[in-house]
Structure formats: C-alpha cells, structure tokens
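Each chain is listed here by its residues.
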Amino acid sequence: ANQTILQKLASNDVEPSVRHAAMSKISDPQALFNLSQTDVSNQSESREFAETAFRNLIQSGCDFTEADFKAFMVNNPKSQIILAKYCPDADIRDEILISLDESEKAEIISDIPYSKTRVMLAENISSIASLEVARKNLKGKDKSAEKIIKAKIDAFHAEQKLELENTTLAISIREQMESLARYVNWSDEIRVKFFKLSKSWGALSFTPSAEETALYQQAFATVEADVKHNMAITLSQKSQETIVNSLETLCEKIAAYPLDTMLSESKEVSDKLIDLSWQLSKEAETIPHTVNVHERFNLASGAIKSAISISKSVKESRALTINDESGDTDDINPSNEVNIKAKAILQATKRSAWPNKYPTLLSANEAILEANTLLSASNDARKQAKESLDNLHKRINRIFGSTKRGDVGRAQRELASVLKASNHYEGSDRKKLDERIEELTDEVNKMGDWKDFAIEPKLVELCEQMEALPELERQSKSPSADKLAKKIKTLQETWKTMGSSDISDTYWPRFKEAGDKAYEPCAEFFKQRRAIQQENLEKREPLVSKMKDLFEATDWDAKPDFKTIEDSISQIMQSWKKIKDVEHGRGQKQWEKLAKIKDQINEKLDIEYDKNISAKHALTTQFEQMLEEDVSDQSLDKLKFIQSKWKQIGVTRRKQDQDAWLKFKAASDAVYEKIQGLRNAKRAVEDEKIGAYKQIHSQIHQLAKSTQDLTVSDKEFDALKEQYQALPALPTGLPEKLIERLDNDYAKASDAYAGAKDRLNKEKLDNEFETLVAKAQFCAELEQLPESAEQSAIDELQDKISSLEMSNKDYIKRFSKRLKKARDTSRDDYASARRLLIIDCEILIGIDSPKEDKDLRLQIQLDRMKQQGFGNAPIDISATMNNNKLEWLCMPGAEAKLQKQFDERFNKLIK
C-alpha cells in the first residue's frame, strides 16, 4: 500500500539490501523500468535487480491488458527488447520481434524464455550469417528451435553444394561439346558422344547461365551440322547396302519358288525390281555407290530378269495349250505351235543368267521338265490318234461278230457308239470308216428282225403276269404295298432285259397300262409315306440350322465354353436320332450336310481335346517328377496347386479323361503319402524344439516365484538366458502366431523375474534406509554428547553404529562424512546447511517459512531467479523430497536445541 515510500527507498536508500527489498515490493512496472534505467555509477547492481524485478513483474502479467502493454511500449521505447522477451502476451511478443532485423533476432533468441516464441524466431531467420549467430547463441538451450535453424543452415549449404555441382556439370558438358567441334576426322564415336551430350544437356534439371548456354549452343550447332552431313552419307550407304541385300534376298526367295508360284508372282517380282532400282538410283544422288554394290546389284537384277523371262515363256506356252484343249485355236495343226513354244522355253532356260552364288532356280528346272513333257505329249498324241483309228476298226469287227452271234442289243449299242466316234475323222480315214459302217448297219437291221420273232412270246407272258398282279394281291392273306411294289419292279426289270426293239415297242403300252393299274394300291401308301418322310425331313432341317448356327456363331478364337458346345451337340444328335423315317436320297444329303458341320465343330473340339489331355498328362508328369525328387515344405502347396490346375482344365474325350484321371490320382496319392511322411517327421522335430523353448519359460517363471537371494537367482537367470539364446532356431514355416506366442511367453517370464527382482530390491532398499535412519539416530546422540563426555559412552554409540550393517555404497559414503564430523565442537555451519535445506523443502512444497527465515527465503528466491531466469522445466517434488530425506540423514547435526526445532520442521514437511 505504500508504493510511493517503496519507490523512494528503492531510489535513495544507501543500503543495497534495502533498495532491493523495496524493489521486490514495487508493483508499478513504470517505476521498476525507470529504476532499471537510472544512470548512477554505484548502483549498477541495483539497476540489474530492478530490471530483473521489472522482468518478473511483466512476465507475471501485472494486470496489464494488451492495450496497456502497447501504450507502455510507446511511452518507453527502450522497453521494447525486454517486452519482446518477457511479455506474457504472445501476440505482442511476436509483433515486436517480427519488426526486428534478422541480426537482432539472432542475438535475442537465446534470451527469450518462451519456447514457442524461440521457434517462431527460428522460422523467421533466413540469412546464413544470422542463422549461424542464432545457432551459436541457442546451443543446448532449445532443441526445437535449434533443429529448425540447423535444418535451414543444412539446406543453405546443400543448395550451395548443388549449385556448385550444377555449374560444374554444365561446364563439363559444354567443354566436351566444344572438344567434339574441334575434331577433324569423322567417326561414329563422335556421333554417339554428340547424342549423349545433347541428351545430358537436355536432361539438366536446372537452367545454366546465359554465358554457358551461348557457348554450348555455338559448339552444338557446329557439331550438329557435321553429324547430320555424315549421318546422311552413312544412311545412304546403309540404304544402298540394304537395297542390294533385299535384291539378293529376293533372288534366294525366287530360287525356292515352284514354277506355278513364280508365274503368279512374276508381276510382283518385276515391280519389286523396278522399285529397288529406282531406290538405288535415288540413293546414288547422295553418294555414288561403290563398285561392289554396283556389281552385286547388276548380278542380282540380271538373275531376276532371267527368272521372269523363263516364267513369261511358260505362261505363253500354257495359254496356247489351253486354247488347243478348248478348241479356240484356228491353227491347222496346234501341236506344231505347242512344239515351238516348248522349244522357246528351253531356249529361255539356256539363256538364263542365273548366278552360281544363289541356290538353284527351282522354277527353271520345272520349266525344262514342262517343256520336255509338252514335246513328249505332242509325240504321244500323234501315236494315240493312230491307235484310236485302229481300235475303231477293231470295234467294227467285233460288232460284226456280235451280229453273227445274235447279240442284237449289244450290236445296236456298239453301232451307235462307232457312228459317234467316226465324226472325229476326216479325209480318207473317214471314207473308209463310212463304207464299213454302212455295211455293218445292214447286218444289224437284218438280225433285229429275227430277234423280234424270238422275244414276242416272252413279252406277252410279262404283260399277262403284270395284269394278274392286282387279283393276286386281293386274294393274298397279308397284302403289302411294299411287296406288291417289289413284284412290279421285278417284272419291269425283266422287261428291260428284253432290250429295245420294234416288237417291244408294240407291247409296251399294254405292259405299262397293266403296271400302272397294279401300282394304284401302292401309290396312296407311298404318297402318305412320302408325306411323313417330307415332314421328318422338315423336322430335321432346324437341327441342321442349329448345328450351323453353333459353328458360325461361336468365336473360336476367344476361348469359348467347350463344355456348353459339347452339350449342344449332344442335344442336337439325340433329337436327330428320334426322327428316323426319311427319304433315303434326300435324307442322306441332309445327313451329310449335318455331318459336315459337325465334323467342322469336332475339328475345333479335337484341338481343345488334344490340348487339354496333353495338359492333364503334363500335370501327372509333374507328380511323377515330385516322386523322384525330395519333397519339401512347399511340396504340399505345389500338390494342391497342381490339383487345382487339373480342375481348371477344360473338356476332353471321355475315355482318355478316365484313363488320365486314374494315372493322375495314383501319382497324386503317392506324392501326398511322401509329403505326409516328411511332415510327420518335421512335426516331431518342431514339437521337440518348441518344447525346449517352453521348458525354459517355465523355469524362469518358477525362479521368479521362488527367488529370495538375488545373488544366486541372478546367476540362475543369466544361465537360463544363455540356454535360451543357445537354443537352435525355430524351424522355418511355423505359423507367425505360434512364434509370436513363444516370444510373448519369454517376455512375460522375463518380466515376472524382473518384477520379483524389483520387489526384492525395494525391500532391500527399504531395509537399508531403515538401517540408515537408525544409524542417523545413534549419530545424533553421539553429536549431542558434551565435549567432556567419557570415552566409554562415545565408544558405546560408535559400536552401535558399526553394528548396523549396510551394503548400499552411496549410503555408506554419504553417512561416513556425517560420522566423521560427529565430534566437531562448532556446529554453526551445520545449522546453516540444515536451515537452508529446510527452506528449500518449504519452497518446493509451497509451505510458508517461519518469520525468522522469511528474509533468507526471499533472498534465496531472488538469487535463484537472477541465476536461472524463468521457464525452467517442472520439478519432480516426490523424487526431490526423497533425495532431501537422504541428505538430512547424512548431514551433520546442529546444536541440540536448534536440531530439535529443525527435526520438527523437517518431519512436518515429510508428512
């Protein structure tokens, strides 16, 4: 309440402690700031204290609003830096700090107690010099801000390094291109390097400097022009070589052509020769072709022209032969023309310039053979014409013989044939034939008259038998249209054997009329039967269409469903078999049509059948190979995979499929038995190894339950760990869950032992601490003995202290210091140390100190604020108090009365 008095004391009092005490009570930031700015030579320490108090006040907020802070900063420009560091309002801090230049930010960053603000400053510094300063100032004070600054510095250095590397790379590519521009002699190596360097320059991920780019472009243009010129020459040379190679390849191809192929391809070959000749002449405009190319081209082109010439002569010969056979030629003697053309073929083959370097020209050999065949055929034709005339005269002689034997029918037929054959002859040959034929005709006519007289009774008898058939059929017990029709047909066949003659023509109307009358009962029956047959034919026709649609609508190249196709064929054929009675001729044609389509489908199916059965045999072979080899962990998967592949294979022929299945099944079973043997043996090994792991888990758990002496137990546990680590590795292929469970079991067993060990250690530590408390009690009694105490009393207490044994080395070391000073006569320093420890504990827990210690406590707090500042990490009160208890027991005691007061205060803090 007395702020004015406090401000005067802080400004004018001669005692620094009074000034400082007054400053610590001042609540006006303006007053504290003014004190921190006072320029008095003997009050530098007070200015610093005032600045610290000002900093602490604004950091605690001092009931200032954002507007108050801004107004204060306007009125006190020099407060800007302090406010930037310690103002609790982050927005004000950021506003001030952002306005600073980077060097100021780098200098101030380590003084700011707020980590978030330090990170913000680190993010806003970009120059490398400021970053280096900030990094130096921050070292070890703020890992987050340090990390940001380090990342920026590393990025800057990386960018510098990359820029240097890029510049070096661009210079290297440019210098290599310039070196290419200086080459005098052309080589393919220059072209390769040019394209490689061009690609490298184009692939640069950065933009070189304008100077480097200009130098590169200059060298690039020079080399590019040279490359294009020499590539054009190289390409032309290669093209010429390619053209000649194409022509030579064409020669080799033509050499293998049969004659008919050569005839059909001669126009295309001629066009190809013209085209290649034109191409070679165009390439010669770029660079003249070499002597070798010129000679090879002339040799090949001459060979092709010879082959074309031979095929042309053969074509002309065949055209003449066709005209001769069709009678289109007007030549008096076409065979002579054929001879001329055949000889022309032989001359063309002799003039052939076909080189020995190519395979023999097959078409030339066939042309020679054809020409010789034509010449031979012409000679044979002349011989055959003479033989035909002689044979015709012999036939006339045989007809005379038939006439004499009374075989009039045969004589009449032969006479008609001879008359027809004689029309092919002319001149004297025809005259002689006509004379003999006329004589023969007279003989045959005379013999015909005698034949009519002989067969008339037989013809009358056949007429009577035909006329009697209807009555016989009516009298029959089981009349049958089929039987009647057969009888009619038999009589008709007998009539035909009588042959053709005038007398047969006389009786034929009677015979036919009787036959028609006899057939009347059959006509209706066969009419109905034909209707049924026609209906059945019509019923079958959709099945033919269905089979045709099945063939044509199926996309055979797209892997159709062959099983469905099989089923469709089966359904069609079953329906076909149910329709039986059809006319034989038309039914047979209909069946052939269906069968043809079915065969086409079966051809497709056969391909699929063969492929599928081969695939199934191949799977069986894989099983047989597995039987010969050693099985492994993957063998069962392979077996299942092969079995699944069997199921995926499509349709096969039933008998083949059954046979293949029996073999596949037997091989599959044999492989499975072999795998099972391996798995059983492997499982036994796995169980044994897993059992060893589980046994150690159990032993560790048992050790955790029964341990009492850590010295012994630790050795046993270490031995079990060594045994566990020495166990052979688990077999590969075990389920991951099993391995994970074993690892978890081992971890649980180890945790159980660690828990037991912690329990024993805690118990031991608690016992050790209790022993320390007892030792401290005896030591306190020793400390309170008067200086004149008898030695026996001193020895008795020291013996009691020695009789209490401890193993904790830290306890022993610290307590030995107290015991060593137990008989010191002056205890003022020890009282001060204990007082300070108590005040520390009271500050830590937040309990007020007694009135007599308040000034000391305030001084301690101010000193610590000055040394440590604000924003420190929080303190673990429990751990600190535990350490203070240990310190209290091991600290030399104060004089008796004061020690009692201290013990009461400390015990109160402990509670």
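Residues numbered from 1 in each chain as written. Predicted model: local features only at pLDDT ≥ 70, side-chain atom pairs only at ≥ 80, totals over all residues. Heavy atoms only, no water.

A few words on helix H22 (residues 562-578). An α-helical turn contains 3.6 residues, so any two residues separated by three or four positions project in the same direction. For H22, with 17 residues, the first-to-last C-alpha span of 25 Å sits near the 24 Å given by 1.5 Å per residue. Burial in H22 covers these residues: Phe562, Ile565, Glu566, Ile569, Ile572, Met573 and Trp576. What you see down the axis of H22 is that its buried residues fit within an arc of 130°, all on one side. (Helix = DSSP H or I, 4+ residues; strand = E, 2+ residues; numbered from the N terminus. Expected span 1.5 Å × (residues − 1). Buried < 20%, exposed > 50% of the residue type's maximum accessible area, 1.4 Å probe, protein only. Arc of directions from axis to C-beta.)

With that settled, consider the state of the cysteines. By the definition in use, this model includes zero disulfides. Cysteine 779 forms no disulfide, and the closest cysteine sulfur to it belongs to cysteine 890, at a distance of 9.5 Å. (Disulfide = S-S within 2.5 Å.)

This brings us to a positive patch on the surface. A cluster of basic residues, Lys813, Lys817, Lys820 and Lys821, forms a positive patch on the protein surface. Within the secondary structure, lysine 820 is located in helix H29 (residues 809-820). Looking at lysine 820, the relative accessible area reads 74%, which means it is exposed. (Patch = residues over 30% accessible without salt bridge, like charges linked within 9 Å, V, L, I, M, F, W, Y side chains within 5 Å. Areas by Shrake-Rupley, 256 points an atom, 1.4 Å probe, with all protein chains shown as cover. Salt bridge = Lys/Arg side-chain N within 4 Å of Asp/Glu carboxyl O. Lys, Arg positive; Asp, Glu negative; His and termini not counted. Charge placed at Lys NZ, Arg CZ, Asp CG, Glu CD.)

Moving on, we get to a negative patch on the surface. On the surface, Glu624, Glu628, Glu629 and Asp630 cluster together into a negatively charged patch. Position of aspartate 630 among the secondary structure elements: in the loop between helix H23 (584-628) and helix H24 (635-648).

Tracing the backbone shows lysine 253 in helix H13 (residues 210-255). Residue lysine 253 is classed as partly exposed on the basis of its relative accessible area, which comes to 49%. Along the backbone, lysine 253 and proline 359 are 106 residues apart, and their C-alpha atoms lie at a distance of 9.2 Å.

Turning to helix H9 (residues 115-124), its buried residues number three or more, namely Thr117, Arg118, Val119, Met120, Leu121 and Ala122. Close packing links the buried residues of H9 with helix H7 (90-99), helix H8 (102-108), helix H10 (128-138) and helix H11 (143-181). (Contact = heavy atoms within 4.5 Å.)

The next point concerns the pattern of salt bridges. Going through the model one piece at a time under the given rule, you end up with 28 salt bridges. For the salt bridge of glutamate 467 with arginine 510, the shortest nitrogen-to-oxygen distance reads 2.9 Å. Placement of glutamate 467 in helix H19 (residues 427-475) and of arginine 510 in helix H21 (residues 502-553) is noted, with a sequence separation of 43 residues between them. Residue glutamate 467 is classed as partly exposed on the basis of its relative accessible area, which comes to 40%. The partly exposed category is assigned to arginine 510, whose relative accessible area is 31%.

Structurally, the position occupied by glutamate 768 is in helix H27 (residues 736-784). Judged by its relative accessible area of 10%, glutamate 768 is buried. Polar contacts involving the side chain of glutamate 768 include one to the main-chain amide nitrogen of asparagine 808, which spans 2.8 Å. Every residue in contact with glutamate 768, bar those within four places of it in the chain, is listed here: Glu805, Met806, Ser807, Asn808 and Tyr811. (Polar contact = N/O pair within 3.5 Å; in protein donor to acceptor, adjacent residues only side chain to side chain.)

Looking now at the packing of aromatic side chains. For the coordinates displayed, the defined rule picks out 16 aromatic pairs. Both rings, one in tryptophan 576 and one in tryptophan 591, keep their centres 5.9 Å apart while their planes meet at 45°; by these two values the pair is tilted. Residue tryptophan 576 is found in helix H22, and its partner tryptophan 591 is found in helix H23; the two are separated by 15 residues along the sequence. Relative accessible area serves as the criterion here: at 6%, tryptophan 576 is assigned to the buried category. Judged by relative accessible area, which is 32%, tryptophan 591 ranks as partly exposed. Both rings, one in phenylalanine 769 and one in tyrosine 811, keep their centres 6.5 Å apart while their planes meet at 65°; by these two values the pair is edge-to-face. One end of the pair, phenylalanine 769, is in helix H27; the other, tyrosine 811, is in helix H29, with 42 residues separating them in the sequence. Aromatic rings pair up to connect Phe194, Phe195, Trp201, Tyr216 and Phe220 into one cluster. The lysine or arginine in question, arginine 834, covers the ring of tryptophan 888, its NZ or CZ lying 4.4 Å from the ring centre. (Phe/Tyr/Trp six-rings, centres within 6.5 Å; stacked < 30°, edge-to-face > 60°. Lys NZ or Arg CZ within 6 Å of the ring centre and 35° of its normal.)

So, to be careful, I would describe these as geometric facts and stop short of saying anything about function.
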